[in-house]
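# Structural overview
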Amino acid sequence: MSDPILIVGGGLAGLTAAHRLRRAGVAFRLLEARNRLGGRILSVDASGVAAADGFDLGPSWFWPGTQPALNALVCDLGLAAFPQNSAGDIVVHRMSREAPQRYRLSTQQAPQSMRLAGGSGALISALAADLPADSIRLGARVTHVTRDAQGIEVKFTTASGSEETMRVSYVLFAVPPRLLEATVTFSPALDAATAERWRATPTWMAPHAKVFALYEKPFWREAGLSGTAQSMAGPLVEIHDATTASGQAALFGFFGVPAEQRAAIGETALVTAAIQQLVRLFGPQAASPSGTLFKDWAADPLTATPADRLGGGPPTATGQAWVSDAWRDCVSLAGSETADFEPGYLAGAVDAAERAVADMMSRAAVAR
Ligand SMILES: Cc1cc2nc3c(=O)[nH]c(=O)nc-3n(C[C@H](O)[C@H](O)[C@H](O)COP(=O)(O)OP(=O)(O)OC[C@H]3O[C@@H](n4cnc5c(N)ncnc54)[C@H](O)[C@@H]3O)c2cc1C
């Protein structure tokens, strides 16, 4: 039997690639460094544990009208979507010495942002449910890829800290290129231009942190507010209603405080300041959440590198090849940042994975 195809990374891109290979009857193995699947998709319950009806510490929205491949996957997997709550007034706080102002929007948000019932994690659970359990290994972080006369050897560390190797016929790296360049050694080495391109590609949203305040009920809706707020006064710059499809009430916000400052301030002080801000924007009922959740993606070494802590926008699609000649016939990049369509987004993860699988199928002698 020939060596298997390896997918590195079990986020949306890696699992979409696995799903496509499975449907095509192609055997594969998937190595995921974390002890969970999903990558930047992370839906958790009130205690912060990954859950079937979760709050989205990573992505929450998609736009079915403009993201046909992602929407087709959502429909194919039979997942239910619901609109981001935007009914009611928005609150805008321009500067700390002025009071926040309330505004009624005359037009509906377009395109409508949609959320998945159960959280974005529903996409990951549905994809994983369709895959053979023995094809996926968690806690396996790839560190080296070596090409020799016999083929490709992949070295990885396991959850227990031991090192293992595996021979594979092709590698689909479903990992942000910047993280890949910083953490995986290629022998022969990547050429300088490729390495620089991977390093220079920002990992979308990696510099950011989200906070959630959970409440017994969505009290802001009763006051005619949508839960949407924009603030130039901070520490949160953008706030939204995060109430789940099953009715667990919550507000979430993105911090405007840069990653290095967040690290210096610390989670407790940041969350306290965020709740105080929610009181200023939504009133005294915001003061007593039943719980809070916090996730700083810039501090997560399986998403961000030190370069991501400096900020950065979404990557741009250039149409250039992602892999240099020495590796092109046995390696493809499949992470969202390498997509031709909406790189960095969920839709980009699906686009990149589908493109990478198609590339591989056209290049490699596929073991069936
Ligand atoms: C806070 C936040 C909000 C966002 N909001 C939205 C939104 O509303 N809408 C939207 O469309 N997009 C949003 N995004 C972007 C979206 O999350 C990503 O586009 C998408 O999840 C990327 O999927 P991916 O599989 O390409 O990468 P990832 O999810 O990053 O998956 C990569 C996987 O590879 C694993 N890995 C890394 N290195 C190794 C290694 N050496 N060996 C083995 N495994 C490895 C990681 O653990 C991870 O599981 C948001 C992101 C964040 C962080």
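Criteria and cut-off values
- Residues numbered from 1 in each chain as written.
- Predicted model: local features only at pLDDT ≥ 70, side-chain atom pairs only at ≥ 80, totals over all residues.
- Heavy atoms only, no water.
- Helix = DSSP H or I, 4+ residues; strand = E, 2+ residues; numbered from the N terminus.
- Rg over C-alpha atoms; globule rule 2.2 N^0.38 Å.
- Buried < 20%, exposed > 50% of the residue type's maximum accessible area, 1.4 Å probe, protein only.
- Areas by Shrake-Rupley, 256 points an atom, 1.4 Å probe, with all protein chains shown as cover.
- Lys, Arg positive; Asp, Glu negative; His and termini not counted.
- Charge placed at Lys NZ, Arg CZ, Asp CG, Glu CD.
- Near = heavy atom within 4 Å.
- Polar contact = N/O pair within 3.5 Å; in protein donor to acceptor, adjacent residues only side chain to side chain.
- Pairing = 2+ DSSP bridges.
- Axes fitted to C-alpha atoms, helices over the stretch in contact; angles between N-to-C directions.
- Phe/Tyr/Trp six-rings, centres within 6.5 Å; stacked < 30°, edge-to-face > 60°.

Glancing now at the overall build of the protein chain. The secondary structure content of the protein chain amounts to nine helices and 20 strands. A compact globule built from 368 residues should have a C-alpha radius of gyration of about 21 Å, and the protein chain, at 21 Å, falls within 12% of that. The C-alpha extent of the protein chain, read off along each of the three principal axes, is 70 × 40 × 40 Å. Relative to its 368 residues, the protein chain shows a buried fraction of 52%. Summed over all atoms, the accessible surface of the protein chain reaches about 15700 Å², with 54% contributed by carbon and sulfur. Here the protein chain contributes 31 positively and 34 negatively charged side chains, and the mean placements of these two sets differ by 2 Å.

Turning our attention to the site of the ligand. With respect to spatial proximity, 37 residues lie near the ligand, and among them Glu32, Arg40, Ser336, Gly344 and Leu346 are the closest. At a separation of 2.6 Å, an oxygen atom of the ligand approaches a polar side-chain atom of Glu32. Ser60 places a main-chain nitrogen or oxygen 3.3 Å from an oxygen atom of the ligand. Calculation on the ligand without its partners gives an accessible area of 1000 Å², and the protein chains cover 98% of this total. Listed by contribution, the elements that provide at least two residues to the shell around the ligand are helix 1 (12-23), strand 10 (141-148) and helix 9 (346-363).

Read across the open sheet, the four strands follow the order 12-11-10-14; overall the sheet is mixed. The open sheet terminates on both sides in strands that have one partner only, identified here as strand 12 (163-168) and strand 14 (185-187). Neighbouring strand axes in the sheet, compared pairwise and without regard to direction, differ in orientation by 20 degrees on average. Pairing of strand 11 (residues 151-157) with strand 12 involves six bridges; the strand directions are antiparallel. Paired with Glu153 across the strands is Arg167, a residue of strand 12.

Once that is clear, we can look at the packing of aromatic side chains. To describe a pair of aromatic rings, one takes the distance between the centres and the angle between the planes. One pass over the structure, following the stated rule, counts 13 aromatic pairs. Taking the centre distance of 5.6 Å and the plane angle of 55 degrees together, the rings of Phe173 and Phe186 count as tilted. On the criterion of sequence distance, the pair formed by Phe173 in strand 13 (residues 170-173) and Phe186 in strand 14 is long-range, its members being 13 residues apart. As far as burial versus exposure is concerned, Phe173 and Phe186 are alike and both buried. On the numbers, 5.7 Å between centres and 70 degrees between planes, the contact of Phe186 with Trp198 is edge-to-face. With Phe186 in strand 14 and Trp198 in helix 5 (residues 192-199), this pair connects stretches of sequence that are 12 residues apart. Assessed through its relative accessible area of 6%, Phe186 is described here as buried. The class for Trp198 is buried, based on a relative accessible area of 0%. A network of ring pairs unites the aromatic residues Phe55, Trp61, Phe212, Phe252 and Phe254 as a single cluster.

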